[in-house]
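One-letter residues, chain by chain:
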Amino acid sequence: MCVTAVESRPAGVALTPSPGGHRPFGARVKAFVALTKPRIIELLLITTVPVMFLAAQGVPDLWLVLTTTIGGYLSAGGANALNMYIDRDIDALMDRTSQRPLVTGMVSPRECLAFGIGLAVFSTLWFGLLVNWLSAALALGALLFYVVVYTMLLKRRTSQNIVWGGIAGCMPVLIGWSAVTNTVSWAAVILFAVIFFWTPPHYWPLSMKVKDDYARVGVPMLPVVATNRVVAKQIVLYSWVMVAVSLLLTPLGYTGWFYTAVALLSGGAWLWEAHGLQSRAKAGVTGAKLKEMRLFHWSITYVSLLFLAVAVDPFLR
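Keep in mind that what you see is a predicted model, and the values were worked out from it rather than measured.

(A) Looking closely at the nonpolar core. Ranked by size, the top nonpolar core spans 81 residues in total, and within it L191, W270 and F307 carry the most contacts. Examining the composition of this core, we find that 14 residues originate from one element, helix 10 (residues 186–209), more than from any other. Excluding residues within four positions of it along the chain, W270 makes contact with W198, P201, H202, S239, M242, L295, W298, S299 and Y302. In this structure, A31, F32, L35 and L102 belong to the second largest nonpolar core, which totals nine residues.

The structure is reproduced here in structure tokens:
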């Protein structure tokens, strides 16, 4: 997830298509691609493909990797499009989301709904026919969880929204493993847990940065309803659990020295940043000096390094 550059304008003023309702074909194509939130899906694929290498204990079938990657993009893209359809009212009021296609009018709500449902159906069939039906079920489950449980039920009702809603973002780990083995093992469950505990301390720093946006639309992200000190404490707690869980793979025999070294070093760097954020929050630092986005950016680097190690480790054992 990332903060997008937005046009400077009063919050809540939605942009409209160009005069006469003209919507250029190229801009329309870009808008439909934007509905899938490609930059978020990059993170999902970072956790899918390396797990396939671990499951295969080497190089998996490359055709299988390709079909799984495409299916994962289509499924996550459908979920993201449906999320934008449901959240179009608050997206129009938030600076961070002010350039989304439904807000600008480049895509109509009906088109977005049809596009999201179409991707959901097509991706499920894609997985079932080209990968396996277990992966298809897991992908569909992730999509429904994100759309129904997170977007419709949790997001606007509880400050724990991203904690439980983040389960959808953990599913690519299980999908990658099941694509290779047609089963789900403890290794996949452990990596699922890593992403589960990674998601809140990954997203809460960003929420701290844009909490005014969330407060404006009544979304109770934790930084909206709690002080920076409380949020930073929660970030540290989740971070310690995340690092501890990441180290379980080695004693259980799934990984070796290389993964362990990367998990220790990258996890140590994460904890250093998390405790630094907590120290600044305790001292009452606010604004740019809080440097909450340092942890957000490091969180992306961390998960990339950790799952790269997951992919490389089988070749070094």
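Let's pick the thread back up.
(B) Expanded view of the side chain of R280. When you line up the elements, R280 lands in helix 14 (residues 257–282). Here R280 occupies a buried position and makes no salt bridge, while the nearest side chain of opposite charge, E273, is found at 4.8 Å. The contacts of R280, once residues within four sequence positions are left out, are V285, K289, L290 and K291.

(C) Layout of a nonpolar patch on the surface. Side chains of I117, V121, L125, L129, L130 and W133 sit close together on the surface and give an oily, nonpolar patch of about 600 Å² of accessible area. When residues in the nonpolar patch are grouped by element, the largest group, five residues, is from helix 6 (residues 109–130). Tracing the backbone shows L129 in helix 6.

(D) Geometry of helix 3 (residues 62–86). With 25 residues, helix 3 should cover 36 Å at 1.5 Å per step; its first-to-last C-alpha distance of 36 Å lies within 8% of that length. Two to three positions downstream of the cap, the backbone nitrogen of W63 sits 3.1 Å from a side-chain oxygen, assigning the N-cap of helix 3 to D61.

(E) Molecular detail of the side chain of N132. As for its position among the elements, N132 is in the loop between helix 6 and helix 7 (133–154). Of the residues examined, N132 reaches a relative accessible area of 10% and is grouped as buried. Reaching out from N132, the side chain makes a polar contact with the backbone nitrogen of L134 at a distance of 3.3 Å. A distance of 2.9 Å separates a polar atom in the side chain of N132 from the backbone oxygen of S178. Aside from chain neighbours lying at most four places away, what touches N132 is F127, S178, A179 and N182.

Criteria and cut-off values
Residues numbered from 1 in each chain as written. Predicted model: local features only at pLDDT ≥ 70, side-chain atom pairs only at ≥ 80, totals over all residues. Heavy atoms only, no water. Core = buried A, V, L, I, M, F, W, Y, C linked by side-chain atoms within 4.5 Å. Buried < 20%, exposed > 50% of the residue type's maximum accessible area, 1.4 Å probe, protein only. Helix = DSSP H or I, 4+ residues; strand = E, 2+ residues; numbered from the N terminus. Contact = heavy atoms within 4.5 Å. Lys, Arg positive; Asp, Glu negative; His and termini not counted. Salt bridge = Lys/Arg side-chain N within 4 Å of Asp/Glu carboxyl O. Patch = residues over 30% accessible without salt bridge, like charges linked within 9 Å, V, L, I, M, F, W, Y side chains within 5 Å. Areas by Shrake-Rupley, 256 points an atom, 1.4 Å probe, with all protein chains shown as cover. Expected span 1.5 Å × (residues − 1). Polar contact = N/O pair within 3.5 Å; in protein donor to acceptor, adjacent residues only side chain to side chain.

Any functional reading would require information beyond the geometric quantities listed.
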